[in-house]
Amino acid sequence: MAPKETKDSGNKFHFSIDRGGTFTDIHCLLPNNTEIVRKLLSEDPDNYPDAPTEGIRRILSEHDTPLTSISYDRNIPVNTSRIGSIRMGTTVATNALLERKGERMGLVITKGFKDLLKIGNQSRSNIFDLTCLAPGLLYEEVVEVDERIMLANFMDDEDAMEVDEKKEVEEPPSKKTKLSSEDASSSFFEPKLSSEDSSSSEPKAGIGPRHTGTTSETIISLRPPNLTTVREQLLTLKEKGIQSLAIVLLHSYVYPKHEEMIGQVAKDMGCFREISMSSVVMPMVKVVPRGHTACAAAYLTPNITTYLSSFRKGFDEGLKDIKLDFMKSDGGLTPVDDFGGHQAILSGPAGGVIGYAKTAFRPTEGDDDKTKIMPVIGFDMGGTSTDVSRYDGHLDHVFETTTAGIAIQAPQLDINTVAAGGGSRLF
C-alpha cells in the first residue's frame, strides 16, 4: 500500500488498531506525515504475547530505530518516547460474551424480584419455534436486598395530609417496626405495623425521609437497605468465589442512593474486582434491560481490565503519559479508564462503520440529481465473523439490542453480525 500525505503528526507515531478475532490491523501515522498499514495474527503465542503491542514494536523498529538508534527489542518493554497516541477497537468483550468466558458474578436486586431477569420480557425471536430455549444468565448467585422507595406524588390528597403532619420524620422507621405474616398479603403501599409499635396501629404509606430524585420529584425512602445485613449477604457471595457484582435496584434510575450505599459496602469489603451499579451503567426506566446491561458490565469489564493491564505492561511506564482511547459500540472514542464491558461489545465492528463512512460515502457522486443521497452498504468480513451495516450520511443507532441472548440497553451502531467469516468452516 503506497503511503499518502495526511495531517501533521507532530513528529510522533500515532497508531490506530483493530484487534479482531483472527487478525490485528494496525494503521500508523508516521512522523513524516505519511501512513502505513500492517497486519498480523491476533493470536500467535509462539512469537509474541500480544498482537497490538507487537505491531507497534515492529513499526517503531522499522521506521524509528534507523533515525534515533532507539532499541525496540522484543524482550524489553516498548519505549514510548516516540508514541503520540494509540486508538483501539477490540473484540475482547464480544468474544467473552459469545463464549461465556467472563468473570464469575452475582446479582444484587430488590427483595421479591430474584427471578426478574430470568423471566425477562417473555419475547421470542421466533414465535413458531417449538424448541425455543431461554437464554442463559450471566450471574451465578442472587442476593435480595430489602429496600423500597416511592414517589410522593402517587399518594392521594387525604394520604398526603396525614403524611404532611409527620414531616419531621427524617430517619428510617424503628428497627422494631416489622410486618407480621398476616400483613404480608396486604397492599405494599399500606403496610400494617406489629403491636410492638403502639404509636399508630395502621400508618399509611409515605412515612419516611424525603429526598429529591434525579427527575426533581420528591422520593420517599420507605425501606433503606440494612447495611449490616447487606454486608453479611455479600460475604456469602465472596465465600462462593464471586468476584464481580451487578447492583440492580428497582427504581434506582430515579433515586440511586440505595445502590450507592450497597456499592460502598461492597467497595469497603475489598474483595470484588468489579462493582457495576445500574444507576451508573445505564440509568434508564426499564429494569429488565437495565439489569441485563449492568450484568454485562460486571461480567465483561474484568476481562477488559485484564487485557488492558496486560497491554500496558508491554510498554515502559505502562503508557502513563500516552493518550490511549478505545472505540465504543456507539462509534465514539473514550479514554481507557472509562471503557466498560457493556460499551465494548461492538467495539471492533463500530470502527469499520466509522472508517467507510469517512472514506466511501459520496452523497451526490455520479447522480444527475445532486440532491439525491446514495447510501453505502458496509460488508466487513473478518476471519471470525461478518458485519453488515448501512450509512446514508447519518450514523444509525439503536438503544436496545440483544447480543448472545443478553438484552443490552446502551447506544450502539446498528450493525448486523453473522458468525461466519473468511476463516469459518461449514463442516
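What comes next concerns the included structure. (Residues numbered from 1 in each chain as written. Predicted model: local features only at pLDDT ≥ 70, side-chain atom pairs only at ≥ 80, totals over all residues. Heavy atoms only, no water.)

## Observations regarding the overall build of the protein chain
Note the threshold: Segments assigned H or I by DSSP are reported as helices when at least four residues long, segments assigned E as strands when at least two residues long, and all are numbered from the N terminus. The rule is simple: take the accessible area with a 1.4 Å probe, protein chains only, and divide by the maximum for that residue type; under 20% is buried, over 50% is exposed, in between is partly exposed. Only heavy atoms matter for contacts: two residues are in contact if any of them lie within 4.5 Å across the pair. The Shrake-Rupley method, run with a 1.4 Å probe sphere, supplies the accessible areas, and residue values consider only the shown protein chains as cover.
Helix and strand content of the protein chain: 10 helices and 20 strands. Here the protein chain holds 427 residues, and 42% of them are scored as buried. Sequence-distant contacts, at least 24 apart, represent 65% of the contacts inside the protein chain between residues at least 6 apart. Accessible surface, the protein chain as shown: approximately 23,300 Å² in total, 51% of it carbon and sulfur.

## Some words on the nonpolar core
The nonpolar side chains of a soluble globular protein tend to be buried with one another. As a reminder, the rule being used: We call a set of buried Ala, Val, Leu, Ile, Met, Phe, Trp, Tyr and Cys residues a nonpolar core when their side-chain atoms join them within 4.5 Å.
Counting residues in hydrophobic clusters, the biggest one holds 60 residues, and the most contacted among them are Phe15, Ile56, Ile86 and Phe311. Take this core: its biggest share by element is 13 residues, from helix α9 (residues 287–313). When near neighbours in sequence (up to four residues on either side) are disregarded, Phe311 contacts Asp50, Pro52, Thr53, Ile56, Ile86, Met88, Leu319 and Leu324. Counting 16 residues, the second largest nonpolar core, distinct from the first, contains Val143, Val230, Val265 and Met269.

## Points about helix α1 (residues 51–63)
Here is the rule: The length a helix should cover is 1.5 Å for every residue beyond the first.
In a regular helix each residue adds 1.5 Å, so 13 residues correspond to 18 Å; α1 covers 18 Å between its end C-alpha atoms and thus fits that length. Ala51, Pro52, Thr53, Glu54, Gly55, Ile56, Arg57, Ile59 and Leu60 are the residues of α1 that are buried. Looking at the buried positions of α1, the neighbouring elements they touch are β1 (13–19), β2 (23–29), β3 (35–41), α2 (65–68), β4 (83–90) and α9.

## Things to note about the sheet that holds strand β14 (residues 376–381)
The criterion, for reference: Between any two strands, at least two bridges found by DSSP are needed for them to pair. Axes, fitted as lines to C-alpha atoms, cover a helix only where it is in contact. Angles between the N-to-C directions of the axes lie from 0 to 180 degrees.
With antiparallel pairing, 3 strands are arranged side by side in an open sheet as β14-β15-β20. Looking at the sheet topology across the chains shown, the edges are occupied by β14 and β20 (416–418). Strand-to-strand twist in this sheet, taken as the mean axis angle between neighbours without regard to direction, amounts to 20 degrees. Sheet topology places strand β15 (residues 386–391) next to β20; 3 bridges connect them, and they run antiparallel. Of the residues in β20, the one forming a bridge with Val388 is Asn416. Most of the contacts of helix α10 (residues 347–359) go to β15, to which it runs at about 40 degrees, and overall it touches β14 and β15.

## Looking at helix α7 (residues 257–269)
Put simply, the test is: The directions considered for the arc run from the helix axis to the C-beta atoms.
Relative to the 18 Å expected for 13 residues at 1.5 Å per residue, α7 spans 19 Å between its end C-alpha atoms, a close match to the ideal helical length. For α7, every residue scored as buried is listed here: His258, Glu259, Ile262, Gly263, Val265, Ala266 and Met269. For α7, the angular spread of the buried residues around the axis is 155 degrees, confining them to a single face. Facing away from the buried side of α7, by more than 90 degrees, are the exposed residues Lys267 and Asp268. Of the residues trailing α7, Gly270 is marked for its positive phi of about 70 degrees.

## A short note on the environment of Thr68
Relative to the assigned elements, Thr68 resides in helix α2. Taking the C-alpha atoms as reference, Thr68 lies 9.7 Å from Arg82; in sequence the two are 14 residues apart.

## Some thoughts on the pairing of strand β10 (residues 244–248)
Quick note on the threshold: Throughout, right-handed denotes a crossover for which the path from the first strand over the helix to the second runs clockwise when the strands point away from the viewer.
With respect to burial, β10 is a largely interior element, 5 of its 5 residues being buried. With burial as the criterion, each face of β10 is covered, one bearing Ser244, Ala246 and Val248 and the other bearing Leu245 and Ile247. In this view, the connection linking β10 to its parallel neighbour strand β11 (residues 274–277) by way of α7 has right-handed handedness.

## Examining the pattern of salt bridges
Threshold: Here a salt bridge means any side-chain nitrogen of Lys or Arg lying within 4 Å of a carboxyl oxygen belonging to Asp or Glu.
Evaluation of the coordinates by the stated rule reveals 15 salt bridges. One salt bridge in this structure joins Asp25 and Lys39, with 2.5 Å as the shortest N-O distance. Pair noted here: Asp25 is in strand β2 and Lys39 is in strand β3, with a separation of 14 residues, a long-range link. Between Glu54 and Arg57 there is a salt bridge, with the nearest N and O atoms lying 2.8 Å from each other.

## A word on unusual backbone geometry
Positive phi is not limited to glycine here, since Asn33 has a value of about 70 degrees. Secondary-structure assignment places Asn33 in the loop between β2 and β3. Although it is not a glycine, Ser216 adopts a positive phi angle of roughly 70 degrees. Tracing the backbone through its elements, the reader meets Ser216 in the loop between β8 (210–212) and β9 (218–223).

## Some points on the side chain of Thr301
Put simply, the rule reads: Counted as a polar contact is a pair of N or O atoms within 3.5 Å, where, for protein atoms, one must be capable of donating a hydrogen and the other of accepting one, and residues adjacent in sequence contribute only when both atoms are in side chains.
Along the chain, Thr301 falls in helix α9. For Thr301, a relative accessible area of 8% translates into the label buried. From its side chain, Thr301 meets the backbone oxygen of Ala297 in a polar contact 2.6 Å long. When sequence neighbours within four positions are dropped, the list of residues in contact with Thr301 reads Glu274, Ala296, Gly340 and Gly341.

## A few points about the sheet that holds strand β13 (residues 333–335)
The 6 strands lie next to each other as β3-β2-β1-β4-β12-β13, forming an open sheet whose pairing is mixed. A single partner strand is all that each edge strand has here, and the edge strands are β3 and β13. With direction set aside, neighbouring strand axes in the sheet form an average angle of 20 degrees. Note that strand β12 (residues 323–327) and β13 share 3 bridges and pair antiparallel. Its bridge partner lying in β13, Met327 is registered against Leu333.

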